[in-house]
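# Structural description and commentary
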Amino acid sequence: MNRRTDGSIDFTAGTPAEGSLDVAWIYGEADEPRIQVHPYDEHTVVLRQSKRTNYEAPFLFLLFGNERALLLDTGATADPELFPLRTTVDRLITEWLGRHPREQYGLVVAHTHGHGDHVAADGQFADRPGTIVVAREEEAVRSFFGFGDRWPTGAVTFDLGGRVLDVLGSPGHHKSAITVYDRWTGIMFTGDTVLPGRLYAFDFTAFRATLARLADFARAHTVVHVLGCHIEMMSHPGRDYPLGATCQPDERALQLTATDLAAVRDAAEAVAGRRGIHRFDDFVLYNEPRPVDSLRLMARGLAHKLRWALTRHRGRA
């Protein structure tokens, strides 16, 4: 890593910077922490919420630049006693500033999209000094990042202070969804649009267009990892955990590749015009799910909860 004479960090030389995802993620064990913190590199942190606090167990991302940090998503639980996100983020920022002192340092709290399991702890940051919390609504997202009439087909940049991010509008799963590409690490943060799990395309036309743009962008840039916000697939290809599962000991890895992203795009093209559930090795594509599809998903989840409760009861007997 290059450090300039003024103490700032050079986030342009030697990119993409090497980082590590050699980590065993928490998956719902009784004694696990409420938030897992994994430093991908010195300036990039991946956090995971415990399934013991919410079965969604979303991943969150903290990126440090010279002038400000970006927290991407705030998880699925509002209560700071159950989910101490601000305390954790404040500690991480304090530690980073201890290594890289600055007189002033900001924080932007934004979201991959506006669903409740990604915005629940926004309120923990409402009174934090030097902090901007971007609202979840599409107009707020478009205005803050400066999309103008380029939404959603154009990319815009967002500068953390030498660490430049490319932000792409990504509707289809949610109207306000974005994808963030970090030039420093070469990571694409895709939210719930692309992940190893159930891909809910509620607006399939917009979803297909988004996937085409993301695949084109990835082909033109160095993409080291594609990181979504959930793991729902088992290590066995084509099998996903039931909705509401609170323990997932056989998860596959979080990270996908640019090739996987292209595979999602191709899968979406292949099932265009065919509503319903379509299963692939690393993801399950929900093409504008019908009421019966949602009922089957919930029924499977309920059956899993009943079997889980019965197993625990027998274990205590």
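Residues numbered from 1 in each chain as written. Predicted model: local features only at pLDDT ≥ 70, side-chain atom pairs only at ≥ 80, totals over all residues. Heavy atoms only, no water.

## Notes on the overall build of the chain
In terms of helices and strands, the chain carries six helices and 16 strands. For the C-alpha atoms alone, the extent of the chain along its principal axes is close to 60 × 50 × 35 Å. The 317 residues of the chain split such that 53% are buried. In the structure as shown, the chain presents an accessible area of about 13,900 Å², 51% of it carried by carbon and sulfur atoms. (Helix = DSSP H or I, 4+ residues; strand = E, 2+ residues; numbered from the N terminus. Buried < 20%, exposed > 50% of the residue type's maximum accessible area, 1.4 Å probe, protein only. Areas by Shrake-Rupley, 256 points an atom, 1.4 Å probe, with all protein chains shown as cover.)

## A closer look at helix H5 (residues 258-270)
For an α-helix, the turn length of 3.6 residues means that residues three or four places apart are oriented alike. Its 13 residues place the ends of H5 18 Å apart at the C-alpha level, agreeing with the 18 Å of an ideal helix rising 1.5 Å per residue. Within the span of H5, buried status applies to Leu261, Val264, Ala267 and Ala268. Seen end-on, H5 carries its buried residues on one side only, within an arc spanning 120°. In this structure, H5 carries Thr259 and Ala270 as exposed residues pointing more than 90 degrees from its buried face. (Expected span 1.5 Å × (residues − 1). Arc of directions from axis to C-beta.)

## A closer look at the side chain of Thr74
One can find Thr74 in the loop between strand E6 (68-72) and helix H1 (85-99). Separated by 2.7 Å, the side chains of Thr74 and Asp122 make a polar contact. The residues touching Thr74, leaving out its near neighbours within four places in the chain, are Leu60, Phe83, Leu85, Val109, His118, Val119, Ala120, Ala121, Asp122 and Phe125. (Polar contact = N/O pair within 3.5 Å; in protein donor to acceptor, adjacent residues only side chain to side chain. Contact = heavy atoms within 4.5 Å.)

## Re the pattern of salt bridges
For the coordinates displayed, the defined rule picks out 20 salt bridges. Across the pair Arg86 and Asp127 runs a salt bridge, and its minimum N-O distance is 2.8 Å. With Arg86 in helix H1 and Asp127 in the loop between helix H2 (116-119) and strand E8 (131-133), this residue pair connects regions lying 41 residues apart in the sequence. Residue Asp127 is classed as exposed on the basis of its relative accessible area, which comes to 60%. In this structure, Arg163 and Asp182 form a salt bridge, with 2.6 Å as the shortest nitrogen-oxygen distance. (Salt bridge = Lys/Arg side-chain N within 4 Å of Asp/Glu carboxyl O.)

## Structural notes on helix H4 (residues 204-220)
Over its 17 residues, H4 extends 24 Å from the first C-alpha to the last, a length consistent with the 24 Å expected when each residue adds 1.5 Å. Taken together, the buried positions of H4 are Phe204, Ala206, Phe207, Thr210, Leu211, Arg213, Leu214, Ala215, Phe217 and Ala218. The elements touched by buried residues of H4 are strand E10 (164-169), strand E11 (178-182), strand E12 (187-191), strand E13 (198-201), H5 and strand E16 (284-287).

## Focus on the sheet that holds E6
The strand order across the open sheet formed by six strands is E3-E4-E5-E6-E7-E8, and the pairing between neighbours is mixed. Where the open sheet ends on each side, the last strands, each with one partner, are strand E3 (35-41) and E8. Across the sheet, the mean angle separating the axes of adjacent strands is 15° when strand polarity is ignored. Along the sheet face, H1 touches E3, strand E4 (44-49), strand E5 (59-64), E6 and strand E7 (106-110) and points at about 25° away from the line of E5. (Pairing = 2+ DSSP bridges. Axes fitted to C-alpha atoms, helices over the stretch in contact; angles between N-to-C directions.)

## Some points on the packing of aromatic side chains
Enumeration according to the criterion identifies 14 aromatic pairs in this entry. An angle of 85° between the planes, with centres 4.9 Å apart, marks the rings of Phe147 and Trp151 as edge-to-face. For the pair Phe147 and Trp151, a shared accessibility class is recorded, and that class is buried. Grouping aromatic residues by their ring pairs yields a cluster made of Phe64, Trp96 and Tyr105. (Phe/Tyr/Trp six-rings, centres within 6.5 Å; stacked < 30°, edge-to-face > 60°.)

## Some remarks on the packing of H4 against H5
Interhelical geometry of H4 versus H5 gives an angle of 150° and a closest axis separation of 9 Å. By the criterion of interaxial angle, the relationship of H4 to H5 is roughly antiparallel. Both H4 and H5 take part in a crossing whose hand is left-handed. Residue-level contacts link Phe204, Phe207, Arg208, Leu211, Ala212, Leu214, Ala215, Ala218 and Arg219 of H4 to Ala258, Leu261, Val264, Arg265, Ala268 and Glu269 of H5. Of the residues contributing to the contact of H4 with H5, the split by class is eleven nonpolar, no polar and four charged. (Parallel < 35°, antiparallel > 145°, perpendicular 65-115°, else oblique. Left-handed = near helix turned anticlockwise from the far one by under 90°. Nonpolar A, V, L, I, M, F, W, Y, C, P; charged D, E, K, R; others polar.)

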